[in-house]
Amino acid sequence: GVRCVIAPSFGDIFHNNCFQNGLLPVRLPIEIIRRMAEAMEESPGNARITVDLAAKQVITPWGEAVPFAVDARKREALLSGLDEVAQTLQRAEAIAAWQAWDRAARPWAWAPVSR
């Protein structure tokens, strides 16, 4: 399946949704994208574009490494295969400790709701 989309720009909602669905959105200059598309079209099927998330670079069909920017936390989540829930669960101990503190500090906020 598709794991990366390369474009000159993305709408904010689409950009954020990409990460939530395990898809890497990469912004590159339109000139580079056009050259990559031309190289792929002219190739007899052996041209490749490689996206290296760890190194934050795209390797063009002609071998140039083009850097791209990506949020550090989102990058780590993609590299680790973690969605937002899994990222939150990594902090389960800290969350439980805060909840215990808050229960002691504000017991009324934790009282069961009667119906």
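Only a predicted model underlies this, so the values are computations on that prediction, with no experimental measurement involved.

On to the overall build of the chain, then. The helix and strand inventory of the chain stands at six helices and five strands. Ordering the α and β elements of the chain from the N terminus gives β-α-β-α-β-β-β-α-α-α-α. For a compact globule of 115 residues, the expected C-alpha radius of gyration is about 13 Å, and the chain comes in at 21 Å, more than 25% above that figure. Reported as C-alpha extents along the three principal axes, the dimensions of the chain are approximately 70 × 25 × 25 Å. Going through the 115 residues of the chain one by one, you find that 21% of them count as buried. Partitioning the intrachain contacts of the chain with sequence separation of at least 6 by distance along the chain shows that 34% fall at a separation of at least 24. The averaged location of the 13 negative side-chain charges in the chain is 8 Å from the averaged location of its 13 positive side-chain charges.

Time to look at the confidence of the model for the chain. Across the chain, pLDDT averages 91, with 99% of residues at or above 70. Across the chain, strand S5 (residues 65-67) holds the top mean pLDDT of 98, while helix H4 (residues 84-89) sits lowest at 76.

Glancing now at the nonpolar core. Of all hydrophobic cores here, the largest spans 12 residues; its members are Phe19, Leu24, Val26, Leu28, Ile32, Ile33, Met36, Leu53, Val58, Val66, Phe68 and Val70. At the level of elements, strand S2 (24-27) and helix H2 (30-42) are the ones that each hand at least two residues to this core.

The next thing to look at is the pattern of salt bridges. One pass over the structure, following the stated rule, counts two salt bridges. Here Arg75 makes a salt bridge to Glu76, at a shortest N to O gap of 3.1 Å. Judged by relative accessible area, which is 17%, Arg75 ranks as buried. Relative accessible area serves as the criterion here: at 40%, Glu76 is assigned to the partly exposed category. Salt-bridge contacts for Asp102 lead to Arg106; the nearest nitrogen and oxygen are separated by 2.8 Å. Overall, Asp102 belongs to the buried group, its relative accessible area being 3%.

Turning to helix H1 (residues 12-20), its buried residues are His15, Cys18 and Phe19. Seen end-on, H1 carries its buried residues on one side only, within an arc spanning 95°. Looking at the residues trailing H1, positive phi occurs at Gly22, about 75°.

Looking now at the state of the cysteines. Chemically, a disulfide is nothing more than a covalent bond linking the sulfur atoms of two cysteines. On inspection of all chains with the given rule, the structure shows zero disulfides. Cysteine Cys4 remains unbridged, with the sulfur of Cys18 as its closest cysteine sulfur at 9.0 Å. By relative accessible area, which is 22% here, Cys4 ends up partly exposed.

Bringing unusual backbone geometry into the picture now. With a phi close to 55°, Lys56 is a non-glycine residue in the positive phi region. Within the secondary structure, Lys56 sits in the loop between strand S3 (50-52) and strand S4 (57-59).

Parameters at a glance
- Residues numbered from 1 in each chain as written.
- Predicted model: local features only at pLDDT ≥ 70, side-chain atom pairs only at ≥ 80, totals over all residues.
- Heavy atoms only, no water.
- Helix = DSSP H or I, 4+ residues; strand = E, 2+ residues; numbered from the N terminus.
- Rg over C-alpha atoms; globule rule 2.2 N^0.38 Å.
- Buried < 20%, exposed > 50% of the residue type's maximum accessible area, 1.4 Å probe, protein only.
- Contact = heavy atoms within 4.5 Å.
- Lys, Arg positive; Asp, Glu negative; His and termini not counted.
- Charge placed at Lys NZ, Arg CZ, Asp CG, Glu CD.
- pLDDT = per-residue confidence, 0-100.
- Core = buried A, V, L, I, M, F, W, Y, C linked by side-chain atoms within 4.5 Å.
- Salt bridge = Lys/Arg side-chain N within 4 Å of Asp/Glu carboxyl O.
- Arc of directions from axis to C-beta.
- Disulfide = S-S within 2.5 Å.

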